[in-house]
Amino acid sequence: MISTSVNVESNVSGKTLSAVFDDFIVMIDYSSGEVTVLPSEEAHLVDSRPLYSFLTGKLDELRLYCDRPAFRLHYGPLSSGIWEAGAFEVVSYGERILNVVPLCHYKRLGDGGRELIKVEGKEPEVALMEVERICGTFSASYSTAFTMAVERIAGVEVDSNVKAARIAAVELERIYNHVHAIYRVAVAASQKVAVSHLLALEEDVLRLNFRLFGHRYAFGFNRIGGVRLRDVKALSKLDAIEREFDELVEELSVSKIFIDRLHNTAKLSAEEIAELDAIGIAAKGSGVDRDVRKFSENYPGFKPVVKTDGDSLARILVRVDEVKQSISIIRECEGELRAGGVKNGWDGWNAVEGEAMAFVESPPGDLLMYVKLSGGRVEKFRVRGASAINYLAFARGVEGNIFTDYPFALESFGLSFADAQGLL
Amino acid sequence: MWVIRGLKKGVLTTKFPEEVSEEERKMLRVRMCPDSEKCPLEFCVSCPLGEEREAEVVVRRKIPFSKSIHVFFADVGSCNACNREVEMLNNPYYDFHRLGIFFTPTPRHADVLLVSGYSEEMVKPLEKAYSAMPRPKLVIACGACAVEGLERTNLKADVLIPGCPPSPLLIMKALLLARGDRV
Ligand code: SF4
């Protein structure tokens, strides 16, 4: 987790495009953690990148118009196999997939989209409730990013037990989402028995969350300047969860059907990761260690899990190792956790003005949030979820594969349309 | 060996609706908002600060027969947490198939349209899915967003499930009530 103040610089070479908002562009250097903010007038420095077209809704630049007879399918929304409100435009001449363009606008925030969620104009404590409902399955990451940004503006330094609680929440979120991604791949491979065991394991983690945070998805646990924990002893369940996970992975790794479907599916090279500005699991599966926990003082000595094959199997193996890594991270900070409210909120809003950005490594990759406070309210709020970037990586990865590979490709990225809300 | 693992684990499945354990009872409760004016969603009732009480599933209309039901799930702009809880019904802890409830991948075979979330962009696809369903079609709003969001569409929710998100057990209870079961 890193948070940074906003600065302006124009050197973008070797930097990864991280977000394109209406009035500024964010670049990040994943070797040093340095963040660069460009005004939108400097868009010409990055507008040839595919991610720029994707984030700005210039989808025509990503579409393939071929001269051979080919079908253009609209897959979703409300289609079987897509559990969320989202869609894909797929071009194929029968079996092989030639081109995919993800359509993420169905869940966009704001007027004409998900109008019930409104962050701007609200007091930070109230805005926080909205923020954690942008993407519920990554809500601990969202609420942590928001609280970090606001605390930075306000100059509030939180205690180590607050930091520990947030780390625990974000890592638990990673565990159940990684288990979920493995479950989805197992569904695609018709591994019915494994599917049941994996779902039961995910339920165990969600129940642990409920005991620890009072909510299965940790809504309401984060406060500005603090956290609220319930039954800290619930974490003793972690041993059983780890044992169960290890055993399930062992069983799955000897299943030839399961492994074969993942091997060589949706392959992405390290060069493609650089070209697409891909992050998180997509990058780590292709040997590129893009993980913002490297730069966080809360994760001393953190080393990202990296696999080099770049296929769906590599991405699933990153997840397997990350679940174990997350469990050991939680164990390290477990002693710091205290039940009850730790510093309950903060009331000096009216005096606080300023802007800040925060990054948190959410389950599929890093999440970026920008907050501007003025007059005790959120004046401006911008967010870029990891899925907003990695849907493009998925689209490139699945090209050239056949239709039956589609779910194995998609689920290995573990994305959510609710997390891609920043797109136009 | 999967078989041995399964046997070792024993039966995880809830005895709901016949019996409800202490842990499950909590999942059927909601927590009222201590300051509803500030809350983003009227039917959220999942506030960790709030006072606990029994969840009230509102049933305005039921399916006029008591048989197995087929559910078409439509996410129309959720935050994905409601979706996850619906997906969790497949889990051996709940195993909703044993109660004669099944998901169907097409609205043409569905008795029930289970809706989560709300986005204006999804209103048209939702109405199209509804019109493809055979009668008698029931609409269930799953979670605070859908309860509030459906009000903005031409569809009328027949069953309202409060919560943000509602627990899988509460969704299961609502599906049984919609079928006319006594829960
Ligand atoms: S009701 Fe709550 S959990 Fe369900 S979609 Fe809306 S915000 Fe998400």
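Remember, predicted model here, so these are calculated numbers, not experimental data. (Residues numbered from 1 in each chain as written. Chains lettered and ligands numbered in written order. Predicted model: local features only at pLDDT ≥ 70, side-chain atom pairs only at ≥ 80, totals over all residues. Heavy atoms only, no water.)

A. A look at the domain arrangement of chain A. All names here are of chain A. Considered domain by domain, chain A is made up of domain 1 (2–107) and domain 2 (124–420). Computed from C-alpha atoms alone, the centre-to-centre distance between domain 1 and domain 2 is 21 Å. In total, domain 1 and domain 2 occlude about 4,000 Å² of area from one another, counting both sides; carbon and sulfur atoms represent 66% of this. The partner of Lys380 in a salt bridge is Asp23, with the nearest N and O atoms 2.4 Å apart. On inspection of domain 1 and its partner domain 2, the count reaches 16 residue pairs in polar contact (both at pLDDT 80 or more). Secondary-structure elements contributing two or more residues to the side of domain 1 that touches domain 2 are β1 (2–4), β2 (16–20), β3 (24–28), β4 (35–39), α1 (50–55), β5 (71–75), β6 (87–92) and β7 (97–103). Examining the composition of the side of domain 1 that touches domain 2, we find that 6 residues originate from one element, β7, more than from any other. Broken down by class, the residue content of the side of domain 1 that touches domain 2 amounts to 30 nonpolar, 12 polar and 9 charged. (Domains from an automatic or database assignment. Buried area = accessible area lost by both parts, 1.4 Å probe. Salt bridge = Lys/Arg side-chain N within 4 Å of Asp/Glu carboxyl O. Polar contact = N/O pair within 3.5 Å; in protein donor to acceptor, adjacent residues only side chain to side chain. Helix = DSSP H or I, 4+ residues; strand = E, 2+ residues; numbered from the N terminus. Nonpolar A, V, L, I, M, F, W, Y, C, P; charged D, E, K, R; others polar.)

B. Spatial organisation of the sheet that holds β5(A). All names here are of chain A. The 3 strands lie next to each other as β5-β6-β7, forming an open sheet whose pairing is antiparallel. Either end of the sheet is taken by a strand with one partner, and the two such strands are β5 and β7. When the angles between neighbouring strand axes are averaged without regard to direction, this sheet yields 15°. In terms of strand pairing, β6 meets β7 through 6 bridges, oriented antiparallel. Among the inter-strand pairings, Val91 is bridged to a residue of β7, identified as Asn99. Lying on the sheet, helix α11 (residues 386–398) is in contact with β6 and β7; it crosses β7 at an angle near 165°. Of the strands in this sheet, β5, β6 and β7 are in contact with helix α12 (residues 406–413), which crosses β6 at around 140°. (Pairing = 2+ DSSP bridges. Axes fitted to C-alpha atoms, helices over the stretch in contact; angles between N-to-C directions. Contact = heavy atoms within 4.5 Å.)

C. Region of the structure containing the pattern of salt bridges. Scanning the model with the defined rule gives 49 salt bridges over all chains in all. For Glu23(B), the salt bridge goes to Arg207(A), with nearest N and O atoms at 3.3 Å. Separated into two different chains, Glu23(B) in helix α2 (residues 22–27) and Arg207(A) in helix α5 (residues 192–213) make up a pair that spans both. Among the residues examined, Arg207(A) registers a relative accessible area of 12% and is labelled buried. We note a salt bridge from Arg396(A) to Glu275(A), for which the minimum N-O separation is 2.9 Å. Here Arg396(A), found in helix α11, pairs with Glu275(A), found in helix α8 (residues 270–276); they are 121 residues apart in sequence, far enough to count as distant. Looking at Glu275(A), the relative accessible area reads 38%, which means it is partly exposed. A cluster of three or more residues bridged by salt bridges with shared partners is formed by Glu171(A), Arg174(A), Lys284(A), Asp291(A), Arg293(A), Glu322(A) and Glu361(A). (Buried < 20%, exposed > 50% of the residue type's maximum accessible area, 1.4 Å probe, protein only.)

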